[in-house]
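Now for the letters of each chain:
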Number of protein chains: 4
Amino acid sequence: MIFLNFKAYREGFGKRALELAKIAENVSERSGTYIAVAVNFLDLPIVAKEVKIDVFAQHIDAVDFGAFTGAVNAEMIKEYGAKGSLINHSEKRMKLADIDFCVSKLRELKMISIVCTNNVSTTKAVSALRPSFVAVEPPELIGSGIAVSKAEPEVVERAVKVAKEVCEEVRVLCGAGITTHEDYVRALELGAEGVLLASGVVKAKDQKKALEELVGLC
Amino acid sequence: MIFLNFKAYREGFGKRALELAKIAENVSERSGTYIAVAVNFLDLPIVAKEVKIDVFAQHIDAVDFGAFTGAVNAEMIKEYGAKGSLINHSEKRMKLADIDFCVSKLRELKMISIVCTNNVSTTKAVSALRPSFVAVEPPELIGSGIAVSKAEPEVVERAVKVAKEVCEEVRVLCGAGITTHEDYVRALELGAEGVLLASGVVKAKDQKKALEELVGLC
Amino acid sequence: MIFLNFKAYREGFGKRALELAKIAENVSERSGTYIAVAVNFLDLPIVAKEVKIDVFAQHIDAVDFGAFTGAVNAEMIKEYGAKGSLINHSEKRMKLADIDFCVSKLRELKMISIVCTNNVSTTKAVSALRPSFVAVEPPELIGSGIAVSKAEPEVVERAVKVAKEVCEEVRVLCGAGITTHEDYVRALELGAEGVLLASGVVKAKDQKKALEELVGLC
Amino acid sequence: MIFLNFKAYREGFGKRALELAKIAENVSERSGTYIAVAVNFLDLPIVAKEVKIDVFAQHIDAVDFGAFTGAVNAEMIKEYGAKGSLINHSEKRMKLADIDFCVSKLRELKMISIVCTNNVSTTKAVSALRPSFVAVEPPELIGSGIAVSKAEPEVVERAVKVAKEVCEEVRVLCGAGITTHEDYVRALELGAEGVLLASGVVKAKDQKKALEELVGLC
């Protein structure tokens, strides 16, 4: 499984968000690999309508409907076709009570929650909240091009182990520095269900080729 | 001038956002009053496309394009047709340096900035940043149904005075508790260019009637 | 065990912090009950020097020594005689990664961590970080005078159960609304090791009597 | 005027805070230069008691007395002998409404407020709040060893100009990268009343010598 985070990259926004989502859809179909995309709030409605792959939000706020100017909640992204949301990304860290709120709310709505964590112990903690996925991303490797599955394989292995101990159903993704097919395969070998990545594909000179390479199509 | 903040109210989201924006458009045309709407990020693309009145975001983040998962910036809302954004709403307070960043960025992009403030002294401070508008909203009156223009007219008057002292071009709106045509007229008499309101219309049993009443159509 | 949080109450600051800490020391000695106090940063050095009971900080920042203007870290409070710190109090909620940082740092320094949580699932999550204590405080009962051990006994019982499942050594405190000896005894019966309270004693007309009543001295 | 921010540097905490404050007192006496120190909350009570120079907090929270666990307010630091506080330091940025709250509160208490800003426009904005001092510190120069008075003299000049325009009584300090006597003198020539610095002295191999050099004693 591959989750592609478009972040606020210019190369993954607006028309280019739709183009990249179409590329992801195409590569997914040809390779048989599950690929989902996490897009900007503004792009979400159109991307969710135009592609068949799963579309995620990059963040949601821990609120219900109400007097919350500027907030986007789980119900809202659902209404526009999102399958779920990233939560607590390292660039959008949240308070524990708010992570809990969002994971619970997404579960109630039968949506997918992907909670990002920075190490093994927070992975264990988050697993207790029973999210769909925990994505462990050592902060020092994010955007580094050095894959966590290569540089710190024991982090991935231990994250998988502690997550399962606390909650059998939780699936672990690994992020940070994933770029090549080898990184991806290595992540799966270490027990991860898939990878969460961003710059390796979104900022690639040739996004399509980068994604094809990642899934092993070339 | 009337700026209608849809907040994260269920009555101002999704299909109902579009419906309410159409009502605003209709009432604006019939009354000759400038009415603009500030909508959810998810609703912004479709609302901006479907109505002729100005559409604003309720918030923007103080970032450029880049590795900012979950962020929405000024360039992004512009690309989807927004005229500008609310900034520093009492439900989304920002750091001073970030307010400055957003006001400057919107000015560069020839967009409209509406910075919310809580009293006379912060109105003066914000005016120094040269936003398009400052919207003064005493927090104790927000959502109260007690109009600031009635309960604390001196706040509006003084806000207008200090804003102009610091920056001639800044225009002052008044918010908090505005519901009736009388409140609106009173605000204009006190020197405000218009009002920023939310629950008085969005949560009204009959939104259209509430808006018509506000502009003096009935 | 009783942990008394002085908050930023005037009745628990400065000279009155020292007086109240002396009262706590006296009641602890006479009753044989463990009583500790969590005091303001400014009061901590003098209180820790003047009383024999354990003194805690009310919060620490998730930083090491360095360029962190305004921050107080675990090493610092230790140097001034603190036994540990409250973490993630409902009035000072923290990001998950920061809770993890503080719990780990306090453990390294052989200090006591008391992490506050708002419900059963966050109690389980925090237990995975292996703090000394988790203090579960349903937010709706804080400062209410309605004891969690009475109003929502199942929250306390389940919190104890899930905490132990994840980490045998973690001890559970219960907070929110505790005022009487009966509330305290009830908390212990439900499996809690003790209580965390504030207004029930600090804001009491007669602080000494309130504390004596709490431990069952009168 | 020299304001020395000890930050959370190990070299400016605990015993070393007191030693460095004594050095500052000694250099101030010998040179006739006003030198004040901004110390950690935990150090503040003892330092304020032991030295005759002005002692400041590095931050205060925008609250009154009450249920604010972990907070330190203006009244509290006053009770322990502080002369005032830094506000909105770049390492502790605050919301605009909170800056306003703290400046007003310190003024009421006849204490000194030093509000840090990042550029000319925020300096103008803050001046509207009528603090005692605004300390302009371009973020890119903080801790750089490259003095703002040298690298961006126009920032200091314009900051002084706009501050005075908005509020005659406001005095401007300049920070960021100040290390040498030359930097200091240059700052005064540009219209600043003094400098705010940290690492240049606190992290110096020989703190006393660094401070003597700064004031021109050697």
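Residue positions are counted from 1 within each chain, in the order its sequence is given. To read the labels, note that chains go from A and ligands from 1, taken in the order they are written. Two thresholds apply to this predicted model, a pLDDT of at least 70 for residue-level local features and 80 or more for giving and counting side-chain atom pairs, whereas whole-chain, interface and lining totals are computed over all residues. To get the side-chain values, all heavy atoms of the structure are used, and hydrogens and water are removed first.

K.L.:
Can you help me understand the arrangement of the chains in this one?
P.N.:
Contacts are assigned to residue pairs with any non-hydrogen atoms lying within 4.5 Å of each other. Here chain B and chain C are not in contact; the least distance found between their C-alpha atoms is 16 Å. There is no contact between chain A and chain D; across them, the least C-alpha separation is 16 Å.

K.L.:
Could you clarify how one ought to interpret the pairing of strand S7 (residues 171–175) of chain B in this entry?
P.N.:
Along any regular strand, the residues point their side chains to alternate faces of the sheet. Residues and elements named next belong to chain B. The element S7 is largely enclosed, with a buried count of four among its five residues. Here, strands pair whenever DSSP counts at least two bridges between them. Secondary structure counts use DSSP, requiring at least four H or I residues in a row for a helix and at least two E residues in a row for a strand, with both numbered from the N terminus. In terms of strand pairing, strand S6 (residues 133–136) meets S7 through four bridges, oriented parallel. Note on S7: the bridge partner recorded for Val-134 is Val-172. Looking at chain direction, S7 and strand S8 (residues 194–197) are connected through three bridges and run parallel. Bridge pairing links Cys-174 to Val-195 in S8. Handedness is read with the strands pointing away from the viewer; a crossover is right-handed when the path from the first strand over the helix to the second is clockwise. In terms of handedness, the path from S7 via helix H8 (residues 181–189) over to S8 forms a crossover that is right-handed. Burial classification: accessible surface area is computed with a 1.4 Å probe over protein chains only, and a residue below 20% of its type maximum counts as buried, one above 50% as exposed, and the rest as partly exposed.

K.L.:
Is there a simple way to think about the relation of the copies chain B and chain A in this case?
P.N.:
Each of the two chain copies can be brought onto the other by rotation about an axis and movement along it. Superposition of the copies was done by least squares, using only C-alpha atoms of residues whose pLDDT is at least 70 in both. Placing chain B over chain A gives an RMSD of 0.0 Å and needs a rotation angle of 180 degrees, together with 0.0 Å of translation along the axis. Expressed as an axis order, the relation between the two copies is that of a two-fold axis.

K.L.:
Help me out: how do you make sense of the sheet that holds strand S1 (residues 2–5) of chain C in this one?
P.N.:
The strands that make up a sheet are held in pairs by hydrogen bonds between backbone atoms, and each pair lies either parallel or antiparallel. All names here are of chain C. What the eight strands build is a closed barrel, ordered S1-S2-S3-S4-S5-S6-S7-S8; its pairing is parallel. Each adjacent strand pair in this sheet contributes to an overall mean axis angle of 25 degrees, direction not counted. Pairing analysis gives two bridges linking strand S3 (residues 55–57) to strand S4 (residues 84–87), with the strands arranged parallel. Considered in S4, the bridge of Phe-56 is made with Gly-84. Its contacts with the sheet put helix H8 (residues 181–189) on S1, strand S7 (171–175) and strand S8 (194–197), and the angle it makes with S8 is roughly 135 degrees. What counts as an axis is a line fitted to C-alpha atoms, over the stretch in contact for a helix, and the angles between N-to-C directions run from 0 to 180 degrees.

K.L.:
I keep staring at the interface of chain D and chain B and nothing clicks. Help me out?
P.N.:
Reports often express the size of an interface as the amount of accessible area lost when the parts come together. With 18 residues of chain D at the interface, the matching set in chain B holds 17 residues. Counting the surface lost from both chain D and chain B, the interface buries some 1500 Å², and carbon and sulfur atoms represent 67% of this. Throughout this description, the term salt bridge denotes a Lys or Arg side-chain nitrogen within 4 Å of a carboxyl oxygen of Asp or Glu. Seen at the junction of chain D and chain B, the total is zero salt bridges. Any N or O atom pair separated by 3.5 Å or less is treated as a polar contact, with the protein-specific requirement of one donor-capable and one acceptor-capable atom, and with residues adjacent in sequence counted only for side-chain atom pairs. Linking chain D with chain B are six residue pairs in polar contact (both at pLDDT 80 or more). Broken down by secondary-structure element, the contributors of at least two residues to the side of chain D that touches chain B are helix H4 (96–108) and helix H5 (120–127) of chain D. Two parts placed together each lose some accessible area under a 1.4 Å probe, and the buried area is that loss summed for both.

K.L.:
Explanation requested: the packing of helix H5 (residues 120–127) of chain A against helix H7 (residues 153–166) of chain A in the structure shown.
P.N.:
Packed helices, taken two at a time, are described by their axes: the angle between them and the distance between them. All names here are of chain A. At their nearest, the axes of H5 and H7 sit 8 Å apart, and the two run at 25 degrees to each other. Classified by the angle their axes make, H5 and H7 are roughly parallel. Where H5 crosses over H7, the two elements pack in a sense that is right-handed. Two secondary-structure elements touch here, H5 through Val-120, Thr-123, Lys-124 and Ser-127 and H7 through Val-155, Arg-158, Ala-159, Val-162, Ala-163, Glu-165 and Val-166. Note on residue categories: nonpolar means Ala, Val, Leu, Ile, Met, Phe, Trp, Tyr, Cys or Pro, charged means Asp, Glu, Lys or Arg, and polar means any other residue, Gly included. Residue composition of the contact of H5 with H7, by class: six nonpolar, two polar and three charged. An angle counts as roughly parallel when it lies under 35 degrees, as roughly antiparallel when it exceeds 145, as roughly perpendicular when it falls between 65 and 115, and as oblique in every other case. In this scheme the crossing of two helices becomes right-handed for a clockwise turn of the near helix relative to the far one and left-handed for an anticlockwise turn of less than a right angle.

K.L.:
Sorry, what's going on with the packing of aromatic side chains here?
P.N.:
Think of a pair of aromatic rings as described by two things: how far the centres are apart, and how the planes are tilted against each other in angle. Classification of ring pairs rests on two measures: the distance between centres of Phe, Tyr or Trp rings, Trp counted by its six-membered ring, which must be within 6.5 Å, and the angle between planes, read as stacked under 30 degrees, edge-to-face over 60 and tilted in between. Per the stated rule, a full pass over the model turns up 22 aromatic pairs over all chains. Their ring planes at 10 degrees and their centres at 6.1 Å tell us that Phe-41 of chain C and Phe-41 of chain D sit as a pair that is stacked. Of this pair, Phe-41 of chain C sits in the loop between strand S2 (35–39) and helix H2 (44–50) while Phe-41 of chain D sits in the loop between strand S2 (35–39) and helix H2 (44–50), which puts the two residues in different chains. This pair shows no difference in class: Phe-41 of chain C is buried, exactly as Phe-41 of chain D is. A centroid spacing of 6.0 Å and a plane angle of 55 degrees characterise the contact between Phe-65 of chain C and Phe-13 of chain D, whose relative ring orientation is tilted. Residue Phe-65 of chain C is located in the loop between S3 and helix H3 (74–79), and its partner Phe-13 of chain D is located in the loop between strand S1 (2–5) and helix H1 (15–31); the two belong to separate chains. The same class applies to Phe-65 of chain C and to Phe-13 of chain D, which are both buried. Taken together, the aromatic side chains of Phe-3, Tyr-34, Phe-56 and Phe-133 of chain A make up a single cluster linked through ring pairs.

K.L.:
Help me out: how do you make sense of the interface of chain B and chain A in this one?
P.N.:
Across the contact, 34 residues belong to chain B and 34 residues belong to chain A. Contact between chain B and chain A buries roughly 2900 Å² in total, counting both sides, with carbon and sulfur atoms accounting for 62%. A per-residue breakdown of the area chain B buries against chain A is headed by Ala-8, Leu-42 and Thr-69 of chain B, which together make up 26% of the total. Put simply, chain B and chain A have zero salt bridges between them. Counting every contact that joins chain B to chain A gives 18 residue pairs in polar contact (both at pLDDT 80 or more). Going through the elements one at a time, helix H2 (44–50) and helix H3 (74–79) of chain B are the ones with two or more residues in the side of chain B that touches chain A. A per-class count over the side of chain B that touches chain A returns 17 nonpolar, nine polar and eight charged.

K.L.:
What's the story with a positive patch on the surface in this structure? I'm lost.
P.N.:
A patch is a set of surface residues, each over 30% in relative accessible area and not in a salt bridge, joined within 9 Å for like charges and within 5 Å for the nonpolar side chains Val, Leu, Ile, Met, Phe, Trp and Tyr. Note that accessible areas follow from Shrake-Rupley with a 1.4 Å probe, and for residues the cover is restricted to the protein chains shown. The charged-residue count follows a simple rule in which Lys and Arg add positive charge and Asp and Glu add negative charge, with His and chain termini not counted at all. Charged side chains are reduced to one point each, which is NZ for Lys, CZ for Arg, CG for Asp and CD for Glu. A surface patch of like charges, here positive, comprises Lys-95 of chain A, Lys-95 of chain B, Lys-95 of chain C together with Lys-95 of chain D. In this structure, Lys-95 of chain A sits in the loop between strand S4 (84–87) and helix H4 (96–108).

K.L.:
Whenever I open this one, the sheet that holds strand S5 (residues 112–117) of chain B confuses me. Can you help?
P.N.:
Spatially, S1-S2-S3-S4-S5-S6-S7-S8 (chain B) is the arrangement adopted by the eight strands of the closed barrel, whose pairing is parallel. Pairwise comparison of adjacent strand axes, ignoring direction, gives a mean angle of 25 degrees for this sheet.

K.L.:
Just to check I follow, could you spell out the side chain of Ser-85 of chain D for this structure?
P.N.:
All names here are of chain D. Inspection of the secondary structure assignment puts Ser-85 in strand S4 (residues 84–87). On the accessibility criterion, Ser-85 (0% relative accessible area) is buried. Of the polar contacts made by the side chain of Ser-85, one reaches the backbone nitrogen of His-59; its length is 3.4 Å. Sequence-distant contacts of Ser-85, that is, excluding residues within four places in its chain, are made with Phe-56, Ala-57, Gln-58, His-59, Ile-60, Ile-77, Leu-106, Ile-112, Ser-113 and Ile-114.

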